[in-house]
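# Structural overview for review
Chain residues, written in single-letter form:
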Amino acid sequence: MTIVNNSKLDFYNNNGFVLFEQTLPTPLLKQLRQLSDTLEDKAKKAQQAGEIANQYYLSTESGEPRLFRYNDLLFEAPELIVELLATPAMLAICEHLCGIGCVPMQCDLVYKYPHPHPHIAWHQGAPHPRNYAYLNVGIYLDDANIDDGCLRYLPDSQHELVDIYALSNEYGWNIPGVVQQPAKAGDILVQDMMILHSSEPKRSEGSRKTIYVELRPLAGIEESQAQSNDWAELRKQWMAHIIQAAKPEDVPQGWLEFYGEPDCDLNSLVARIKQRWEPPIPAVWSNQNVDHPDYPTPADLR
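Now for a description of the structure that goes with this document. What you see is a predicted model; the values in this text were computed from it and never measured. (Residues numbered from 1 in each chain as written. Predicted model: local features only at pLDDT ≥ 70, side-chain atom pairs only at ≥ 80, totals over all residues. Heavy atoms only, no water.)

### Here we look at unusual backbone geometry
Let me state the cut-off plainly: Strands are runs of DSSP state E lasting at least two residues, helices are runs of H or I lasting at least four, and both sets are numbered from the N terminus onward.
With an omega of 20°, the peptide bond running from His115 to Pro116 counts as cis. Its location among the elements puts Pro116 in the loop between strand S4 (102-112) and strand S5 (120-124). That bond from Tyr295 to Pro296 is cis: its omega, 0°, falls within 30 degrees of zero. Counting through the fold element by element, Pro296 comes out in the segment after strand S12 (284-285).

Right, here's the structure in full:
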């Protein structure tokens, strides 16, 4: 089965996002769900103990702490994250949508709980010169249904920065041309980093967990100059470990030669990445508070 076919490529090129259905192996999905539960429990216990950390964020809008985000999953479960990125689907996405030189930049976990816990307002990710691909890959551990806080996109809006304030102030969640993109557990949803997107409040009970992986060619990292060459080289080493963990038949042609063998074991690499941590390029949001009767909180939830 071809994971990334011409139809998927055409859809991505025309819209700035594309869904790959049921591409995550079921045993791996179960392991990732277990990891998400472990990390939420860890964050809550740390907060109760008065610990302060910048790797995760707990929201308290409902009076009960709920994990909103846990960053740098590579630090928590290196072997499992390498296994995830070495799956046939992820390697095919790297090859066909990013190209040789592709490296993982971030691997984070986002939790979405029902309102009043956080929604995601309209924004565009990491502005950058558009000479190289820059992907944000969502790996769904739970279902995201229509009208329940699934991602909203403005198709083909990724080419330049738009006036987010003007659009959201006039239209709220329903900017003309907007589409909702549902997904099921085990799906992978790839988006161009700069596409205008959002996620309205979740209404159903329970949490929705999605792993987000940023992918970019080394040439794009060098072009933006937002991170150092040493930082980029560590990501190349991360990809070398991914290729080493993959089945030979899943590795794109020429990639083993390009990335070479890892120059240290995985745990040593993780320690080096921790030591040389550098911030990602920040997203772009509305430059003013939006005044709309149904946005960002729908009127029936106020």
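Read on, since the account is not over.
### A closer look at the packing of helix H7 (residues 229-245) against helix H9 (residues 266-275)
This is how it is decided: A fitted line through C-alpha atoms represents every axis, and for helices the fit uses only the stretch in contact; the resulting angles, taken between N-to-C directions, go from 0 to 180 degrees. Here the word oblique covers every angle except those under 35 degrees (roughly parallel), over 145 (roughly antiparallel) and from 65 to 115 (roughly perpendicular). By convention, the crossing between two helices is left-handed when the near helix turns anticlockwise from the far helix through less than a right angle, and right-handed when the turn is clockwise. Contacts are assigned to residue pairs that have any heavy atoms within 4.5 Å of one another.
Contact geometry for H7 and H9: axes closest at 10 Å, N-to-C directions at 155°. Compared by their axis directions, H7 and H9 come out roughly antiparallel. Crossing angle aside, the handedness with which H7 passes H9 is left-handed. Touching Leu234, Arg235, Gln237, Trp238 and His241 of H7 are Leu266, Leu269, Arg272 and Ile273, all from H9.

### Quick look at the sheet that holds strand S11 (residues 208-217)
This is how it is decided: When DSSP finds at least two bridges between two strands, those strands are taken to pair.
Ordered in space as S1-S9-S6-S11-S4-S3-S2, the seven strands form an open sheet in which the pairing is antiparallel. Two strands in the sheet have a free side with no partner beyond their single neighbour: strand S1 (17-20) and strand S2 (56-59). When strand polarity is set aside, the average angle formed by the axes of neighbouring strands in this sheet is 20°. Judged from the two bridges that link them, strand S3 (residues 66-70) and S4 form a sheet pairing that is antiparallel. From the neighbouring strand, Arg69 faces S4, where its bridge partner is Val110.

### Points about the sheet that holds S5
Backbone-to-backbone hydrogen bonds pair the strands of a sheet. The strands run either parallel or antiparallel. One open sheet holds the five strands; their spatial order is S8-S7-S10-S5-S12, and the pairing between them is antiparallel. Only two strands of the sheet have a single partner each, and these edge strands are strand S8 (179-181) and S12. Sheet topology note: the S5/strand S10 (residues 197-199) ladder contains two bridges and is antiparallel. Among the inter-strand pairings, His123 is bridged to a residue of S10, identified as His197.

### Considerations on the environment of Gly125
Checked against the element boundaries, Gly125 lands in the loop between S5 and strand S6 (135-140). Considering only alpha carbons, one finds Gly125 and Pro114, 11 residues apart in sequence, at a separation of 24 Å. Residues contacting Gly125, with those up to four places away along its chain left out, are Met193, Met194, His197 and Ala283.

### Notes on the pairing of S11
Put simply, the rule reads: When a residue's accessible area, from a 1.4 Å probe over protein chains only, is under 20% of the maximum for its type it is buried; when over 50% it is exposed; and in between it is partly exposed.
Most of S11 is tucked away: 10 of the 10 residues are buried. Burial of the side chains of S11 extends over both faces: Arg208, Thr210, Tyr212, Glu214 and Arg216 are buried on one face and Lys209, Ile211, Val213, Leu215 and Pro217 on the other. In the sheet, S4 pairs with S11 via 10 bridges, with the strands oriented antiparallel. Its bridge partner being in S11, Val110 is matched across the sheet by Thr210.

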